[in-house]
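Structural features, examined
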Amino acid sequence: MSKKQVGFCCIALTTILFSLMEISLKSVSASFHPFQINFTRFFIGGLVLLPFAVQKLRKRDANAPKLNARALLKMAGLGFVGIFVSMTFYQLSVMHTDASVVAILFSSNPLFVMVFAALMLHEPIYRHNVAALVLELLGILVIVSPWNMRLDPYGILFVLIAVMTFALYSVLGKKEGAQFGVIPNTCFGFLFGSAEMMIVAALTHIPVIAAFLQTTPLHDYANIPFFTGYTLEGLPVFLFVCIGVTGIGYASYFLAMEYTSASAASLVFFLKPILSPIFAWILIQEVIPTNRIVGIVIIFFASVVNILPALHGALKKRKEI
């Protein structure tokens, strides 16, 4: 099997795992604190990525930038934005609204990455990108349906914050990724972000802090648990979230980018808005109303508009070779 064939197998695997992400998190959200789910799954996910990261760092040229304290500090900052902030709001959104809604809205992430990349990295935006962004926003508007709101507004707010901050994390990480590689950057971001969450969770056990939190709207964040919620019945799903979705899912995604291309790997976010609602309907009997189906179709066409020129260019280049 060639590297390209392996790459497309990785795309298929990633698509399935990522499409099951929100459903899996929804299944365990009642048993665990959202902070607990996040720091555990990204710590284990970081450990799964660690061998790949070490291998990448060892293969670098001797003149490449050194992984010094300053670089690690930047990765810790990225972990704070992408894991601590974004994934906390992401988990809260899963708890407050339907898994399929979170999956569909979070799949709009690549288009918001495009906007941040244009603003911060001065990358060009083409007409098809603008058209895709307009369609994406229209699809989100149809799904949310503010004129007939039936979804929890906090759930929608939380997932939009998660999407925006994760897009920011992706763009900020692009520069560091160019220096040290995408896999090491992501791996250390996972480990630093989960460590930061663990430190905050530990601080909430200090009596003075816990007592203060209990008098505020953040009372659920007093005494954040580390070890409660684990049962033999729920352990397989939780391990699937940590090892399968987070660890293997991200590893296969980066391998897909390495063995094919970034545009080909983005097919994951092209298919996820379609597969996630189907999985949610089959596995947790989540009803998919008409407006959500219409929104999915619009977002699907937005993805087509956004990705088609890149795929066409890649195919044209391949024919020329």
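Counting restarts for each chain, with residues numbered from 1 along the sequence as it is written. Local features are withheld for residues below a pLDDT of 70 in this predicted model, meaning they are given only at 70 or higher, and side-chain atom pairs are given and counted only at 80 or more; totals for whole chains, interfaces and linings count all residues. Remark: hydrogens and water are excluded; side-chain values derive from all non-hydrogen atoms of the structure.

In this text, helices come from DSSP runs of H or I with a minimum length of four residues, and strands from runs of E with a minimum of two, each type numbered from the N-terminal end. When helices and strands are tallied, the protein shows 14 helices and 0 strands. Written out in order from the N terminus, the α and β elements of the protein read α-α-α-α-α-α-α-α-α-α-α-α-α-α. For a compact globule of 321 residues, the expected C-alpha radius of gyration is about 20 Å, and the protein comes in at 20 Å, within 12% of that figure. When the backbone C-alpha atoms are referred to their principal axes, the protein occupies close to 65 × 55 × 40 Å. What makes two residues a contact is simply this: any of their non-hydrogen atoms within 4.5 Å. For the protein, contacts bridging at least 24 residues in sequence account for 85% of all contacts bridging at least 6. Within the structure as shown, the protein displays about 15900 Å² of accessible surface, and the carbon and sulfur contribution to it stands at 71%. Note on method: radius of gyration uses C-alpha positions; expected globular size equals 2.2 Å times residues raised to 0.38. For the area figures, the Shrake-Rupley method with a 1.4 Å probe applies, and any residue is considered shielded solely by the protein chains shown.

Ring pairs are drawn from Phe, Tyr and Trp, using the six-membered ring of Trp, whenever the two centres fall within 6.5 Å, and their geometry is named by plane angle: stacked under 30 degrees, edge-to-face over 60, tilted for the rest. For the structure on display, the rule yields 18 aromatic pairs. A centroid spacing of 5.1 Å and a plane angle of 35° characterise the contact between Phe39 and Phe226, whose relative ring orientation is tilted. Remark: Phe226 occurs in the loop between α10 (207-213) and α11 (235-259) and Phe39 occurs in helix α3 (residues 34-58); sequence separation between them is 187 residues. A residue is classified by how much of its surface remains accessible, and Phe39, at 3% relative accessible area, is buried. Through a chain of ring-to-ring contacts, three or more aromatic side chains come together here, namely Phe18, Phe42, Phe190, Tyr250 and Tyr253. Type-normalised accessible area, obtained with a 1.4 Å probe on protein chains alone, sets the label of each residue: buried when under 20%, exposed when over 50%, and partly exposed for intermediate values.

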